[in-house]
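Each chain is listed here by its residues.
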Amino acid sequence: MDGVRAVLLAGGEGRRMGPLGQGRLKPLVPFGGTSRLIDFSLANTRDSGFREVLLLSQYEERRLMDDLHTVWNRTGPGFRVHFGPYDAVYREATGPLPLALPERTWPGERGTADALIRKAPHVFGPDTSEVMVLHADHVYRFDYGDMIRRHRADGAALTVSYQRIERRWVHLFGMVDFDPAGNLTDFAEKPEQPTSDLVFAAFCVFDAAVLHRYLEHLDGTDWQHDISRDVIPAMLAGGERIRGYEVTGYWEDIGTVERYHRAHRGLLTDPPTLALADLPRTVAPGVPRRRVAHEDGVHRSIVATDLVNEGQVEHSVVYPGVRIGAGARVGDCVLLPGTRVPAGAELSSSIVLEDGSVQPCAPAPAVGGVAP
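Residues numbered from 1 in each chain as written. Predicted model: local features only at pLDDT ≥ 70, side-chain atom pairs only at ≥ 80, totals over all residues. Heavy atoms only, no water.

(A) View of the packing of aromatic side chains. Within the structure shown, the criterion is met by 14 aromatic pairs. Here F31 and Y260 contribute two aromatic rings whose centre-to-centre distance is 6.1 Å and whose plane-to-plane angle is 80°, an arrangement assigned as edge-to-face. Residue F31 is located in strand β2 (residues 30–31), and its partner Y260 is located in helix α9 (residues 257–267); the two are separated by 229 residues in the primary sequence. With respect to burial, F31 and Y260 carry one shared label: buried. Between Y140 and Y144, the ring centres sit 6.5 Å apart and the planes meet at 70°, which makes this aromatic pair edge-to-face. (Phe/Tyr/Trp six-rings, centres within 6.5 Å; stacked < 30°, edge-to-face > 60°. Helix = DSSP H or I, 4+ residues; strand = E, 2+ residues; numbered from the N terminus. Buried < 20%, exposed > 50% of the residue type's maximum accessible area, 1.4 Å probe, protein only.)

What follows is the structure, encoded as structure tokens:
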């Protein structure tokens, strides 16, 4: 990974996440009974051999940096999250966290591309040949090594990840298309009338000099400050060599409550979308989790071993610290850390938050099935 600067964009407020996004940052929304959304990209980066990833955050930076410094930077040597202009105070803090952060002297970022150009000194350096851009709300496990090697072998200005999905869902993503040689020919962010069944999987590898040049050209123009809406289309129009790299394994963009709940259902299928061993362990890592089968032989659950259960749980994901009262019935649910389910309660197709509030979701599909 020498020469590659890994950059993690984590600026979302999570407005579409409903109650899940209230009182917490979207990157820190719990997922899978073991972790938070941002932990997948961090685990992928670490396991791909990177020693460091640069965090570019916008919304409530202090809360996010404090959390990641505690969870990732203090758990062992060999990998850390770099906080750009704030990094020195975290490195030099005499206590667990710095008492104060330096005053902001740079403009506020208005989009993903803006975050790159405003903090360019931390992104682009004399030893940086490529910039790998990641996002904080995607669930997948992936080794970036082969993609980077392919990018270099192709002499590409940009290599974009992509995945094939049902065309009816393409309008929710960035649509891509390629010629028979694998060169990008079309890129449209959330098209109203999709013409391809391929979507941008939202991580990519740029030639650093090319990326910097396009960012400087776009800065100050009437642009949307966005990688997908501005930078990639500009590079495509400029005739740059843009290659594709197919993601054949599981990848999910968690943008809404329904997608969140559906992704949890996928963890309980046989085989699951992601194995329990592939989920990062960042929430109560000392508490074991296990995957259990129920009496019908079809429904399964992921539960923390500290669960206190006096009721019945089926086809659900249960975080540590949960207590289920006598006679309660829980099915097709996600129970977040510390949830208390009252005696006699009946919960179905819901997310139960830490304060006990219930977020209903679409009913479960046919037994053993997964919603599209």
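Alright, that's what it looks like, and here's the rest.
(B) Region of the structure containing the sheet that holds strand β16 (residues 308–309). In spatial order, the strands read β16-β19-β21; together these three strands make up an open sheet with parallel pairing. Two strands in the sheet have a free side with no partner beyond their single neighbour: β16 and β21 (340–341). Pairing between β16 and strand β19 (residues 323–324): two bridges, direction parallel. Looking across to β19, one finds that V308 is bridged to R323. (Pairing = 2+ DSSP bridges.)

(C) Representation of the nonpolar core within the structure. I38, L42, L55, L68, M132 and F203 are the most contacted members of the largest nonpolar core, which has 40 residues in total. By residue number, the principal contributor to this core is strand β11 (residues 198–207), which donates five residues. In this view, M132 contacts V4, R5, A6, V7, F50, Y144, I148, C204 and V205; residues no more than four positions away in its chain are not counted. With 37 residues, the next largest nonpolar core counts L116, A120, C204 and W223 among its residues. (Core = buried A, V, L, I, M, F, W, Y, C linked by side-chain atoms within 4.5 Å. Contact = heavy atoms within 4.5 Å.)

(D) Molecular detail of the packing of helix α7 (residues 208–218) against helix α8 (residues 227–237). Here α7 crosses α8 at 110°, and the two axes come no closer than 10 Å. Here α7 lies roughly perpendicular to α8, going by the angle between them. The two elements α7 and α8 cross, and the hand of that crossing is right-handed. Counted together, V210, L211, Y214, L215 and L218 of α7 and D230, V231, A234 and M235 of α8 form the full contact between these two elements. (Axes fitted to C-alpha atoms, helices over the stretch in contact; angles between N-to-C directions. Parallel < 35°, antiparallel > 145°, perpendicular 65-115°, else oblique. Left-handed = near helix turned anticlockwise from the far one by under 90°.)

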